[in-house]
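# Structural characterization, general
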Amino acid sequence: MPYTKRRRLVSSAVAVALGATALAACGSSSDDDGAASGPVTLTYWSWAPGMDKVVDLWNKGPGKERQITVTVKKQASGDTLVTKILTAHKAGKAPDLVQAEYQALPTLVSNDALADISGEVGDAKKEFADGVWQQTTLGTDAVYAVPQDIGPMMFFYREDLFQKYGLTVPTTWDEFADTARKLKKAAPDKDLTTFSANDSGLFAGLAQQAGAQWWTTSGEKWKVGINDAATKKVASFWGGLVKEGAIDNQPMYTPAWNKALDTGQQIAWVSAVWAPGTLTTAAPATKGKWAMAPLPQWTKGENRTGSWGGSSTAVTTDSKHKDAAATFAAWLNTDARALNALAKESGIYPASTAAQTSGAFATPPEFFANQPDFYTKAAEIAETTAPSAWGPNVNVAYTTFKNAFGAAAKNKSDFTAALDAMQEDTVADLKKQGFGVAE
């Protein structure tokens, strides 16, 4: 059942805010199931390190029994992979399976590159939190992927230095701002944290926590709300702290940032559950000195977090073995052995709720050995992840963020003006691509 590009996109993404009816299945059908009709070899594009070792468990176990062999082809991640998938799909040569970030799913679905596998993996829904599962359905009755890993956001802080300077772990963003000012007064050479304009996912997650809905639909048109009230609140908050000098304005993931963390020049980090791995290499001298707490809230008593990162396993419409591919995708992200191997080899935090406090996650990360309940708390926080709202041109919004917010952070100028630039560029790009846009 063919869709035009615009109709396909709107129908599949109505999600998020409107709860659309089920999509009719589009793309290639699976008339040659490996599970039922002899040996099948599937190709899986993934960027996760060690994925070949995880897949070996399948090939020697359940896959061997089902006569389904999976071959991993290592890829780059992000926009590079999305472009490669779409290019291959246009030629009818996309792989059977792809690793896809959640924000990339609307783009891939709108180009008819991903198959609806609801009939094959629908029972897996119970393994995931509702907000996580929603990201792979785009709010419809279709299912375009199986969740693999997630990045619930949290607050990380130097326990020893908070004690030294008499600081209390903030539970609201107002308290966070007061904590930054109190530290700066007590130790002018130190910063609570930095606002980094080199990772748009961080800002997107903070906006998500605040209730932002950057892409929604109105009828058969897209509605872009990147400069909505919730996001403006976030931008004004962080811009204000940068302007008054209460926090730093340097980008993350640089030698200077690593040094600031390692020496205690910066004593906190708004990040996600994967932060221990980054701190291990960025600030090795601080092992055992950090602790994790929930993200500060906009209103006292609220309990909501954003998401920074995460990906899924999807089956393409080019696959001639949809059932076999979907069977593997479900196994990879729900089987206990597979999830333990993913944690060990790929360093992922599983989307599967059962896996978040068992196996590799029954004990805290080595860097946080001083916090035995690290993963118990992380699992509780993950359950509070706010719904997301992605659109077909996340890459455009993210590029403008880096440019506009990068300049605003460096110059300590108006963050809301940078937000307006994101809005304008995203809307202009949608129109350029031929999508209807509701004003």
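For the structure given in this document, a descriptive report is provided here. (Residues numbered from 1 in each chain as written. Predicted model: local features only at pLDDT ≥ 70, side-chain atom pairs only at ≥ 80, totals over all residues. Heavy atoms only, no water.)

Here we take up the packing of helix H10 (residues 173-186) against helix H12 (residues 229-244). Look at H10 against H12: their axes get within 12 Å of each other, and the N-to-C directions meet at 10 degrees. In terms of orientation, H10 lies roughly parallel with respect to H12. Between H10 and H12, the residues in contact are Trp173, Phe176, Ala177 and Arg181 and Phe237, Trp238, Leu241 and Glu244, respectively. Considering only residue class, the contact of H10 with H12 consists of six nonpolar, no polar and two charged. (Axes fitted to C-alpha atoms, helices over the stretch in contact; angles between N-to-C directions. Helix = DSSP H or I, 4+ residues; strand = E, 2+ residues; numbered from the N terminus. Parallel < 35°, antiparallel > 145°, perpendicular 65-115°, else oblique. Contact = heavy atoms within 4.5 Å. Nonpolar A, V, L, I, M, F, W, Y, C, P; charged D, E, K, R; others polar.)

Before going further, it helps to examine the packing of aromatic side chains. For the structure shown, the criterion picks out 39 aromatic pairs. Relative to Trp298, the ring of Phe237 has its centre 5.4 Å away and its plane inclined at 80 degrees; by these criteria the two rings are edge-to-face. Linking Phe237 in helix H12 with Trp298 in the loop between strand E8 (290-294) and strand E9 (307-315), this pair joins segments that are 61 residues apart in sequence. In this structure, Lys84 is placed above the aromatic ring of Trp45, and the distance from its NZ or CZ to the ring centre is 5.1 Å. (Phe/Tyr/Trp six-rings, centres within 6.5 Å; stacked < 30°, edge-to-face > 60°. Lys NZ or Arg CZ within 6 Å of the ring centre and 35° of its normal.)

This part takes up the side chain of Ser307. For Ser307, the position within the fold is in strand E9. Assessed through its relative accessible area of 13%, Ser307 is described here as buried. In contact with Ser307, not counting residues within four places along its chain, are Gly151, Met153, Gly201, Gly205, Gln208 and Thr385. (Buried < 20%, exposed > 50% of the residue type's maximum accessible area, 1.4 Å probe, protein only.)

Attention now moves to the environment of Phe435. Among the secondary structure elements, Phe435 is positioned in the segment after helix H19 (415-433). It is 7.0 Å that separates the C-alpha atoms of Phe435 and Lys221, two residues lying 214 residues apart in sequence.

Right, let's get into H12. In a regular helix each residue adds 1.5 Å, so 16 residues correspond to 22 Å; H12 covers 22 Å between its end C-alpha atoms and thus fits that length. Of the residues making up H12, those classed as buried are Ala230, Thr231, Val234, Ala235, Phe237, Trp238, Gly239, Leu241 and Val242. On the buried face of H12, the contacting elements are H10, helix H11 (200-209), strand E7 (268-272), helix H18 (394-411) and H19. Two residues or fewer after H12 comes Gly245, characterised by a positive phi angle close to 80 degrees. (Expected span 1.5 Å × (residues − 1).)

Below, the discussion takes up the pattern of salt bridges. Inspection of the entire model under this criterion finds nine salt bridges. Residue Asp160 pairs with Arg158 through a salt bridge whose shortest N-O separation is 2.8 Å. Residue Arg158 is classed as buried on the basis of its relative accessible area of 5%. Between Arg181 and Asp178 there is a salt bridge; the shortest N-O distance is 3.2 Å. On the criterion of helical spacing, the pair formed by Arg181 and Asp178 is a turn pair, its members being three residues apart in helix H10. Classification of Arg181 by relative accessible area gives partly exposed; the value is 37%. For Asp178, a relative accessible area of 46% translates into the label partly exposed. (Salt bridge = Lys/Arg side-chain N within 4 Å of Asp/Glu carboxyl O.)

Further remarks concern the environment of Pro276. For Pro276, the location among the structural elements is in helix H14 (residues 275-282). Of the residues examined, Pro276 reaches a relative accessible area of 5% and is grouped as buried. Through-space distance from the C-alpha of Pro276 to that of Phe367 is 6.2 Å; in sequence the pair is 91 residues apart. The residues contacting Pro276, other than those within four sequence positions of it, are Phe156, Pro365, Phe367, Phe368 and Phe374.

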